[in-house]
Amino acid sequence: MRNPSVPDLYISDPPIRDTLNTKTSKDQDQVVERCRPFLAAQADGLSFNHYGVAHLDRQRHIKFVRKQLGKLPAPFMAVDASRPWVFYWCLNSLSLLGADVSMYREPLIETARSMQNANGGFGGGFGQTSHLATTYAMVLALTIVGGEPAYEVIDRRAMWKWLSALKQRDGGFQMALGGEVDVSLSPDSPAWAPDSDLFTNLADYVRRCKNPDSAHCRSL
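Reference entry: report on the structure contained in this document. As a convention, each chain's residues are numbered from 1 in the sequence order in which they are written. Selection of residues for local features in this predicted model requires a pLDDT of at least 70, selection of side-chain atom pairs for listing and counting requires 80 or more, and totals for whole chains, interfaces and linings are taken over all residues. Side-chain numbers come from the whole structure's heavy atoms, not from hydrogens or water.

This brings us to the packing of aromatic side chains. The aromatic pairing rule takes the rings of Phe, Tyr and Trp, using the six-membered ring of Trp, and pairs them if the centres are within 6.5 Å, calling planes under 30 degrees apart stacked, those over 60 edge-to-face and the rest tilted. By the definition in use, this model includes three aromatic pairs. Ring geometry for Trp85 against Tyr88: centres 6.2 Å apart, planes inclined by 70°, an arrangement best described as edge-to-face. Linking Trp85 with Tyr88, this pair stays in helix α3 (residues 83-96), spanning three residues, or about one helical turn. The pair Trp85 / Tyr88 is uniform in exposure class, with both members buried. Three or more aromatic residues joined by ring pairs make a cluster, and in this case those are Trp85, Tyr88, Trp89 and Tyr136. Segments assigned H or I by DSSP are reported as helices when at least four residues long, segments assigned E as strands when at least two residues long, and all are numbered from the N terminus. Remark: exposure states derive from per-residue accessible area (1.4 Å probe, protein chains only) relative to the maximum for the residue type, with buried under 20%, exposed over 50%, and partly exposed in between.

As C-alpha cells, this is what we get:
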C-alpha cells in the first residue's frame, strides 16, 4: 500500500516539463528515478508496512553512518568548514538508531579542543574563526557522546562573553564577530552590553521570525 502522505506529484511525471535539458536537469531526473520507487512503496527487495513506509534497515544505516565518521575521501574537502555539523549529524543518527557512541568520545574531545578558539567559540575546522552555527553543532555533538570530560571541553565563561558580544539589542545574534546578522537593525542600534542577559528580547525575536514576510528577520 502506498504512503497516503506522499502526493501524486512525487510518484508520477510532472504535467508540465521543460524541454531544455541541462546537466542539472539530467542529474535531477536520476535522483527522482532512484527515489520514486521508495515513495511509491514499490522498491524491490524492501518490505513496506500498511502505511507504505519501508521498514528501517537499522544495521545498514548504522554501518553507513559510522563510515562517515572515519577517513573521508577528497571531495569532502568542500565541507571542511562544516566538520562540527558532520559530527552532530552522524552522532545524532547513531544515537537515534540505538547504536553505542561512547567509542567516539575521546576522538571527539581531542578534535573539539583543536577547533575551540580563545574566545570560547568553535570554528568549522582547525584555525577557523568562531561561528555561532558550528559552535551550536559542536556543543550538541559533545552532549551526545556525554560525560564530564566532554562537557569540560567547553570554556563556558569565555563562550558566555563571546555570545554576549554577538547579542544584538533586539534579541538576535551575529553569527560571528564582525559577521552577518540574522536580524535587521537600524544604523544607530547599539550592540548588546557584554554583561547583559543573553535571553532578553529573545522570545520576542523568535516570535517575529515566525512570520516569513517579516522585515525584522531574514534567513541566513
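So much for the structure itself; the text now carries on.
Positioned with a positive phi, Ala41 is a non-glycine residue whose angle comes to about 60°. Note on placement: Ala41 falls in the loop between α1 (23-39) and α2 (58-68). Overall, Ala41 belongs to the buried group, its relative accessible area being 16%.

Our focus in this paragraph is the side chain of Ser130. Checked against the element boundaries, Ser130 lands in the loop between α4 (105-115) and α5 (132-145). By relative accessible area, which is 2% here, Ser130 ends up buried. A polar contact is formed between the side chain of Ser130 and the side chain of Asn119, at a distance of 2.8 Å. For this analysis, a polar contact is any N or O atom pair within 3.5 Å, provided that within protein one partner can donate a hydrogen and the other can accept it, and provided that sequence-adjacent residues contribute only side-chain to side-chain pairs. Among the polar contacts listed, one links the side chain of Ser130 to the backbone oxygen of Gly121, at a separation of 3.2 Å.

This part is about the nonpolar core. Residue types Ala, Val, Leu, Ile, Met, Phe, Trp, Tyr and Cys, when buried and joined through side-chain atoms within 4.5 Å, form a set referred to as a nonpolar core. Formed by 35 residues in total, the largest nonpolar core has its most connected members in Leu91, Leu108, Met138 and Leu142. Among the secondary structure elements, those contributing two or more residues to this core are α2, α3, α4, α5 and α7 (156-166). Ignoring sequence-local partners within four residues, the contact set of Leu108 consists of Phe87, Leu91, Met138, Ala141, Leu142 and Val145. Residue contacts are defined here by distance: any two heavy atoms, one from each residue, within 4.5 Å place the two residues in contact.

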